[in-house]
Every structure is written in structure tokens, then in C-alpha cells.
Amino acid sequence: MLLVIVMLISLALAQGALIWLVAYALAPAERDFSLLRGILIGFAWIIIYNLIKGLIKPKFGEGWELIISLVGTPIVFKFGFCLSVIRSILATVIVWIVVMAAMYFLLIRPDQMPT
């Protein structure tokens, strides 16, 4: 149980830093927000994703879970960082590409590597 908690905290910290970096790069010049805000939004993103996974996936299936997550992520970015709609959608695309690439190279591809 402790290992799961440590893994979730480290995942939230990494995702929060990634979210902050992308949002900071896409934000207008006059906007400035702290890394703590990015980490807190990373925690909120993980909590919302797990709620969607627990509530939507059993009733509607895996496809709807992904669609709702993709729609919900820009909303979290928009209200968390006060970005415009276009910037929050762009931030979502960048973050999802980085997360999917990390999942591929860290979780999927090591099983396929020759020994």
C-alpha cells in the first residue's frame, strides 16, 4: 500500500511539473504562476482521471473513458492556469503526447526489447 502511495505521489509530481512547464511556455507574457500550482493541478488531474476511470469505464467502456478524459483535461488546464481555450487545448495535446510517449517507452517497449 505504501509503495502505491509513493508511486502515485511521484507520478503526480512528475505530471504536475510537466503540466506547469507546458502551461508556462504557452501562457501569455504577463501570466506567471508557481510550480506548486502545477503540482496541485497534477494531483487534481490524477484524482479526476481515476474518478472517470472508476465511474465511466464500468458503465460505458474504455473508449468513453478516453474521450471524457481528453475533453476534461483542457477544462482543468483552463480553470487551473486561466489559459484561453486554444492554449489549454494545445497544452492538452502536448501533455497527452508526452504522457503517451513516456508510457510507450517506459511500459510497453521494455517488454519488446531483445535481451
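Residues numbered from 1 in each chain as written. Predicted model: local features only at pLDDT ≥ 70, side-chain atom pairs only at ≥ 80, totals over all residues. Heavy atoms only, no water.

(A) Quick look at empty space enclosed by the protein. Using the criterion set out here, one finds 1 cavity of 30 Å³ or more in the structure. Of the volumes computed, that of the largest cavity is approximately 50 Å³. Forming the boundary of the largest cavity are W45, I48, Y49, I52, S69, G72, T73 and V76. Contributing elements (two or more residues each) for the lining of the largest cavity: α2 (35-60) and α3 (62-81). (1 Å grid on protein atoms, 1.4 Å probe; cavity = no way out; pocket = protein on both sides within 12 Å on 5 of 7 lines; lining within 4 Å. Points joined across faces, edges and corners; volume = space filled by probe spheres on them. Helix = DSSP H or I, 4+ residues; strand = E, 2+ residues; numbered from the N terminus.)

(B) Expanded view of the layout of surface pockets. A volume near 730 Å³ is recorded for the largest pocket. Around the largest pocket, the lining comprises 21 residues; the ones closest to its centre are L11, Q15, Y49, V99 and M103.

(C) How the structure looks around α3. Here α3 is 20 residues long and its end C-alpha atoms lie 28 Å apart, about the 28 Å a rise of 1.5 Å per residue gives. Restricting attention to buried positions, one finds in α3 the residues E65, S69, T73, P74, V76, F77, G80 and F81. Following α3 by one or two positions, C82 adopts a phi angle in the positive range, close to 55 degrees. (Expected span 1.5 Å × (residues − 1). Buried < 20%, exposed > 50% of the residue type's maximum accessible area, 1.4 Å probe, protein only.)

(D) Structural view of the packing of helix α1 (residues 2-26) against α2. α2 packs onto α1 with a crossing angle of 125 degrees between their chain directions and a minimal axis gap of 7 Å. Relative to α2, the element α1 is oriented oblique. The crossing of α1 and α2 is right-handed. Of α2, the residues touching α1 (which contributes L8, I9, L11, A12, L13, Q15, G16, A17, I19 and W20) are L35, G38, I39, I41, G42, F43, W45 and I46. Residues belonging to the contact of α1 with α2 are distributed by class as follows: 14 nonpolar, 4 polar and no charged. (Axes fitted to C-alpha atoms, helices over the stretch in contact; angles between N-to-C directions. Parallel < 35°, antiparallel > 145°, perpendicular 65-115°, else oblique. Left-handed = near helix turned anticlockwise from the far one by under 90°. Contact = heavy atoms within 4.5 Å. Nonpolar A, V, L, I, M, F, W, Y, C, P; charged D, E, K, R; others polar.)

(E) Expanded view of the packing of aromatic side chains. Using the criterion set out here, one finds 6 aromatic pairs in the structure. The interplanar angle of 45 degrees and the centroid separation of 4.7 Å between the aromatic rings of F33 and F81 together place this pair among those described as tilted. You can see F33 sitting in the loop between α1 and α2 and its partner F81 sitting in helix α3, a full 48 residues away along the chain. Across the pair, F81 and F33 agree in class, each one buried. (Phe/Tyr/Trp six-rings, centres within 6.5 Å; stacked < 30°, edge-to-face > 60°.)

(F) Examining a nonpolar patch on the surface more closely. Judged by side-chain polarity, L66, L70, M100, M103, Y104, F105, L106, L107 and I108 come together as a nonpolar surface patch covering roughly 870 Å² of accessible area. Looking at the nonpolar patch, the elements with two or more residues in it are α3 and α4 (85-112). With 7 residues, the top contributor of residues to the nonpolar patch is α4. Mapping L107 onto the fold places it in helix α4. (Patch = residues over 30% accessible without salt bridge, like charges linked within 9 Å, V, L, I, M, F, W, Y side chains within 5 Å. Areas by Shrake-Rupley, 256 points an atom, 1.4 Å probe, with all protein chains shown as cover. Salt bridge = Lys/Arg side-chain N within 4 Å of Asp/Glu carboxyl O.)

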